[in-house]
Amino acid sequence: MRTSLAAMNIGRRIYCCLLLLLACSCSIYAQDVVLRGHITNRTSDSVRITYNTDRLAYYPKEFYAPLDRNGNFSVSFPVPADVYTMVELRHGNHLAELMLTNGDSLKVIADARRFDSSISYTGSGSDIQNFVAQHTLERGRVNQYTMRIRNHIAETPEDYLKGLENEKKEELAFTTRHGDKLPARFRRIWDASFTYYNYFFIEQYPQMHEMQRIRRYTDTIPEANYAVLKGLPDAFDDEYLQVPPYLLYLSGLFETRLRGAGYAVPVTDSANARKLLDSVDKLAYKLLPTGSGEYFIAQSLYARARVQYIERSRAVFAAFRKRWPASQYLPALQKEMDMAERLQAGQPAPDMNVTMADGKQVRLSDLKGKVVYISFWTTWCKQCVGELRMMERKVKDMFANKPVEFVTVSIDEDTATAKLLQQQMGLTGNFTYTTGGWYAPAAQSYGVRALPAYFLVDRNGNFAVTQPPSPQRSTELLVAISKLY
């Protein structure tokens, strides 16, 4: 049996996969894309444009265009030069995907009563958009390909590989039927997406298959599951940095291969964990072309800067700056490193407003002398809600009449919904509500970029540990809190 590194668990990979569907490039903006349109039988008074241009994180850009009384709209927005950017156009509950590049100028026509089947495009770039619209009708949206792949996850390694290859053949056949007018570069990029999705899910098979088999999370993987890796090639090409599945393929390739070759890493052995990550980075520096290597090291550091020993993060960042002194990723990495330093054990926890159980408004700094466990959550985060209930059942009662406070911070835009859910679940304690989502001041000061997020503050108002246990690890959490008082 082999044990994988918990920091790279499958949940984070799939989460990233869904977010990166909208990712494109960090390139310098070129001229605006122009979208004009007409929507009949409208269900909303506007259209919303959403897309992401950050390879390391999900910070979506949004543009709104009002509909006039006749259902017409017009909007322009910048996109990166010389790449294809996946853009979502939303009208009410309706969604259309577009693949835009600089210079596109399009007119959109749609009937909200039959949105997917009626939408059509004219103008510069319309051949690509009509192709994508036809794909939605016949094959579904792009991310539905990943759902079809996951239907094969219970199969044997041999059958799994056959299933993935058949899924890709069907996609390539669709391109052959409908892609005769497409630019060659777009067609190459589009088809590469499905190839690299397959490679990415080959990497995921060993753990995903075992989780499917035992019906729960595990990072202990049978050796037989790694048989799928025999069909995983070195397919490195900087042209495909604009292809989100290529980025996913890069992110896990070397670590998965080392595990498959017998590199066992006990979860509790931090020295061996660091050794594995160092080996992965060495392979990336040695084997990847310049652009792919730059991205690989950047995304690896960005993902781990806060969860690994800060000494390793500092060393990796120093080596990265030496190798790529003008990297487009440096600003984001510097910001992440600054946040990692701020969140280290012993650093003061940022102050914020806290609503106590009795309704009294205080500051976090007013709670000095007590241990404070802080939870960030939203109503749409199912894991958040589940762990709040777990904390209510297994943790809070253990600290009744102790110098311990539990502060739960909702970053929902709809405060009323958060309060109602809290009441319906019978949750007690200190509930603070702040709007703004990821951009809420409290979320920004604590560097929250994924939910749920937890922080443990000691009686001096400093972070007690860099990565506190979640309520799901209730025994560890009880010990961690008890040690502080």
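Please read all numbers here as calculations on a predicted model, not as lab measurements.

J.: What should I look at first to understand the overall build of the protein in this one?
T.: Within the protein, the secondary structure is distributed over 15 helices and 16 strands. Along the first, second and third principal axes, the C-alpha set of the protein runs to 70 × 60 × 45 Å. Counting the 485 residues in the protein, one finds 53% classified as buried. Nonlocal contacts in the protein, meaning residues at least 24 apart in sequence, comprise 67% of its contacts between residues at least 6 apart. Taken as a whole, the protein presents about 21800 Å² of accessible surface, with 50% of it coming from carbon and sulfur. The average position of the 59 basic charges and that of the 51 acidic charges among the side chains of the protein differ by 3 Å.

J.: Honestly, the pairing of strand β13 (residues 371–377) in this entry has me stumped. Any pointers?
T.: A regular strand places its side chains on the two faces of the sheet in alternate fashion. With seven of seven residues buried, β13 lies mostly within the body of the structure. The side-chain alternation of β13 yields two buried faces, one formed by Val371, Tyr373, Ser375 and Trp377 and the other by Val372, Ile374 and Phe376. Alignment of β13 against strand β14 (residues 404–410), held across seven bridges, turns out to be parallel. Following the sheet pairing, Ile374 is matched in β14 by Val407. As for the winding sense of the linkage, the β-α-β connection from β13 through helix α12 (residues 382–394) to β14 is right-handed.

J.: Explain the sheet that holds β13 here, please?
T.: Strand pairing in a sheet is mediated by backbone hydrogen bonds. Such pairs are either parallel or antiparallel. Ordered by their spatial adjacency, four strands build an open sheet running β15-β14-β13-β16, and the pairing between neighbours is mixed. Each of the sheet's edge strands pairs with one partner strand only, and the pair in question is β15 (430–433) and β16 (453–457). Mean inter-strand twist for the sheet, computed between neighbouring axes without regard to direction, equals 20 degrees. As judged from the four bridges shared by β14 and β15, these two strands associate in the parallel manner. Within the sheet, the bridge partner assigned to Val409 lies in β15 and is Thr432.

J.: Please explain the sheet that holds strand β4 (residues 61–66) as it appears in this structure.
T.: On the basis of which strands lie adjacent, the open sheet formed by four strands has the order β4-β3-β6-β7 and antiparallel pairing. Two strands in the sheet have a free side with no partner beyond their single neighbour: β4 and β7 (94–100). Taking the axes of each pair of neighbouring strands and ignoring which way they run, one obtains an average angle of 20 degrees across the sheet.

J.: It is not clear to me how the packing of helix α8 (residues 270–287) against helix α9 (residues 290–304) should be interpreted in this structure. Could you clarify?
T.: At a minimum axis separation of 10 Å, α8 and α9 run at an interaxial angle of 155 degrees. It follows that α8 is roughly antiparallel to α9 by the angle criterion. Within the contact between the two elements, α8 uses Leu277, Val280, Asp281, Ala284 and Tyr285 and α9 uses Phe296, Ile297, Ser300 and Arg304. A class-by-class count of the residues in the contact of α8 with α9 yields six nonpolar, one polar and two charged.

J.: Would you take a moment to explain the state of the cysteines for this structure?
T.: What is meant by a disulfide is a covalent connection between two cysteines, made through their sulfur atoms. Across all of its chains, the model carries one disulfide by this definition. Between the sulfur atoms of Cys381 and its disulfide partner Cys384 the distance amounts to 2.3 Å. Between Cys381 and Cys384 the sulfur-sulfur dihedral comes to about 80 degrees; the bridge is accordingly right-handed. Each member of the pair, Cys381 as well as Cys384, is classed as buried.

J.: Sorry, what's going on with the pairing of strand β3 (residues 46–51) here?
T.: Taken across its six residues, β3 has five buried, putting it largely inside the fold. Relative to β4, β3 runs antiparallel, the two sharing six bridges. Note that in β4 the partner of Ser46 across the bridge is Pro66. Pairing geometry for β3 and strand β6 (residues 85–91), over three bridges, is antiparallel. What sits directly across from Arg48, in β6, is Arg90.

J.: What should I look at first to understand the packing of aromatic side chains in this one?
T.: Ring pairs (aromatic) are described by centroid distance and by the angle formed between their planes. For the structure on display, the rule yields 36 aromatic pairs. Ring geometry for Tyr51 versus Phe63: centroids 6.1 Å apart, planes at 10 degrees, classification stacked. Here Tyr51 is found in strand β3, whereas its partner Phe63 is found in strand β4, with 12 residues between them in sequence. By relative accessible area, which is 0% here, Tyr51 ends up buried. Phe63 sits in the partly exposed class, given a relative accessible area of 24%. A centroid spacing of 5.6 Å and a plane angle of 25 degrees characterise the contact between Phe63 and Phe77, whose relative ring orientation is stacked. Taken together, the residues Phe63 in strand β4 and Phe77 in strand β5 (residues 72–80) connect sequence positions 14 residues apart.

J.: Would you mind going over the nonpolar core with me for this structure?
T.: A general trend in soluble globular proteins is that nonpolar side chains are found buried together. Counting residues in hydrophobic clusters, the biggest one holds 69 residues, and the most contacted among them are Phe186, Tyr246, Tyr249 and Leu333. In terms of residues, this core owes the most to one element, helix α6 (residues 184–214), which gives 13 residues. What Leu333 contacts, discounting residues up to four positions off in sequence, is Leu56, Ala298, Leu301, Tyr302, Phe317 and Phe320. If you look at the next biggest cluster of nonpolar residues, it comprises 47 residues, including Phe399, Leu427, Ala442 and Leu478.

What counts, and where the lines are drawn
Residues numbered from 1 in each chain as written. Predicted model: local features only at pLDDT ≥ 70, side-chain atom pairs only at ≥ 80, totals over all residues. Heavy atoms only, no water. Helix = DSSP H or I, 4+ residues; strand = E, 2+ residues; numbered from the N terminus. Buried < 20%, exposed > 50% of the residue type's maximum accessible area, 1.4 Å probe, protein only. Contact = heavy atoms within 4.5 Å. Areas by Shrake-Rupley, 256 points an atom, 1.4 Å probe, with all protein chains shown as cover. Lys, Arg positive; Asp, Glu negative; His and termini not counted. Charge placed at Lys NZ, Arg CZ, Asp CG, Glu CD. Pairing = 2+ DSSP bridges. Right-handed = clockwise from strand over helix to strand, strands pointing away. Axes fitted to C-alpha atoms, helices over the stretch in contact; angles between N-to-C directions. Parallel < 35°, antiparallel > 145°, perpendicular 65-115°, else oblique. Nonpolar A, V, L, I, M, F, W, Y, C, P; charged D, E, K, R; others polar. Disulfide = S-S within 2.5 Å. Phe/Tyr/Trp six-rings, centres within 6.5 Å; stacked < 30°, edge-to-face > 60°. Core = buried A, V, L, I, M, F, W, Y, C linked by side-chain atoms within 4.5 Å.

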